[in-house]
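Remarks on the overall topology
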Amino acid sequence: MKILLVEDEVSLASFIRKGIESENYELDVAYDGLMGQRMFEQRPYDVVILDVNLPHINGFELCRYIKQHSPRQAVLMLTALDGMQDKESGFGAGADDYLVKPFVFRELLLRIRALARRSVSYAGQHALLQVADLEMDVDARMVRRAGQRIELTTREYALLEFLMVNKGKTVSRVEIAEKVWDLHFDTNTNVIDVYINYLRKKIDKNFGQKLLHTVVGMGYLMQG
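From a predicted model like this one, the values you see are computed outputs, not experimental measurements. (Residues numbered from 1 in each chain as written. Predicted model: local features only at pLDDT ≥ 70, side-chain atom pairs only at ≥ 80, totals over all residues. Heavy atoms only, no water.)

What follows covers the environment of Arg-173. Inspection of the secondary structure assignment puts Arg-173 in helix H7 (residues 173–179). According to the relative accessible area criterion, Arg-173 is partly exposed, its value standing at 25%. A sequence separation of 162 residues divides Arg-173 from Ser-11, and the C-alpha atoms of the two residues are 39 Å apart. Looking at Arg-173, its side chain comes within polar contact range of the side chain of Asp-193, at 2.8 Å. (Helix = DSSP H or I, 4+ residues; strand = E, 2+ residues; numbered from the N terminus. Buried < 20%, exposed > 50% of the residue type's maximum accessible area, 1.4 Å probe, protein only. Polar contact = N/O pair within 3.5 Å; in protein donor to acceptor, adjacent residues only side chain to side chain.)

What follows deals with the packing of helix H6 (residues 154–165) against helix H8 (residues 191–203). Relative orientation of the contacting elements H6 and H8 amounts to 85°, with a least axis distance of 10 Å. By the criterion of interaxial angle, the relationship of H6 to H8 is roughly perpendicular. Side by side, H6 and H8 meet where Arg-155, Glu-156, Leu-159, Leu-160 and Leu-163 of the first sit next to Tyr-195, Ile-196, Tyr-198, Leu-199, Lys-202 and Ile-203 of the second. Grouping the amino acids of the contact of H6 with H8 by side-chain chemistry returns eight nonpolar, no polar and three charged. (Axes fitted to C-alpha atoms, helices over the stretch in contact; angles between N-to-C directions. Parallel < 35°, antiparallel > 145°, perpendicular 65-115°, else oblique. Contact = heavy atoms within 4.5 Å. Nonpolar A, V, L, I, M, F, W, Y, C, P; charged D, E, K, R; others polar.)

The subject of this paragraph is the pattern of salt bridges. Counting across every chain of the model gives 15 salt bridges. The partner of Arg-43 in a salt bridge is Glu-26, and the shortest N-O contact between them spans 3.0 Å. In this pair, Arg-43 sits in the loop between helix H2 (33–42) and strand S3 (47–50) while Glu-26 sits in strand S2 (residues 26–30), placing the two residues 17 residues apart along the sequence. Looking at Arg-43, the relative accessible area reads 25%, which means it is partly exposed. Here Arg-111 ties to Asp-97 by a salt bridge, and the two come within 2.7 Å at their closest N and O atoms. Of this pair, Arg-111 sits in helix H5 (residues 105–122) while Asp-97 sits in strand S5 (residues 97–100), placing them 14 residues apart in sequence. For the pair Arg-111 and Asp-97, a shared accessibility class is recorded, and that class is buried. When salt bridges with common partners are traced through the structure, they connect Glu-7, Asp-51 and Lys-101 into a single cluster. (Salt bridge = Lys/Arg side-chain N within 4 Å of Asp/Glu carboxyl O.)

So, on to the sheet that holds S3. Strand order in the open sheet formed by five strands is S2-S1-S3-S4-S5, with parallel pairing between adjacent strands. In the strand order of this sheet, the two ends are held by S2 and S5, each with one partner. Sheet twist, expressed as the mean angle between neighbouring strand axes with direction ignored, is 20°. In the sheet, strand S1 (residues 2–6) pairs with S3 via four bridges, with the strands oriented parallel. Each bridged residue has a counterpart across the sheet, and for Ile-3 the counterpart in S3 is Val-47. The strands touched by helix H1 (residues 10–22) are S1, S2 and strand S4 (74–79); relative to S2, the strand with the most contacts, the crossing angle is about 165°. (Pairing = 2+ DSSP bridges.)

So, in structure tokens, the structure goes:
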């Protein structure tokens, strides 16, 4: 696995490097946003880890740049900014995950592996995903149904992409939690059900044929 870390705190970058390399992964380090942008342009990475408060180009701006040029690139924000507005800015910029400093290295490693699995699972998929008259242009991050464009949040998009990649297959809430939220499933939360309802309102409510189905006791199924 090849990882790019953009972090201006030298001691923290060194700590992360030792941990990553002990897992036999390859790590490149950039110490400012401009350097990180240039390194991203020069070679492919499985996961990019970004601090936010960086010299020259901040992490949110760099994340937007990366996603514009490589929509499928896995990006993890690693920052001391822990406010809800900061997290909204991170996910709004296209980040796939957000981890707040200080952190336990083991958790960082688990999140990196989860992001890498998602990247591999989507590799080789066609740029256009389709279920009945619902289409997703993965590279352009655009969704249409019956020719009508549908606006989705970053998390709604990630959930729909996972469901469409697995069309015709019932996926459990545990699978969704691990692959879309990159979290170990918490039986006390209904966040997945909430986002399923958000999606239904956008992709099914105003159309005759329902594509997103609940399989009682098992999970959800995307099928036309």
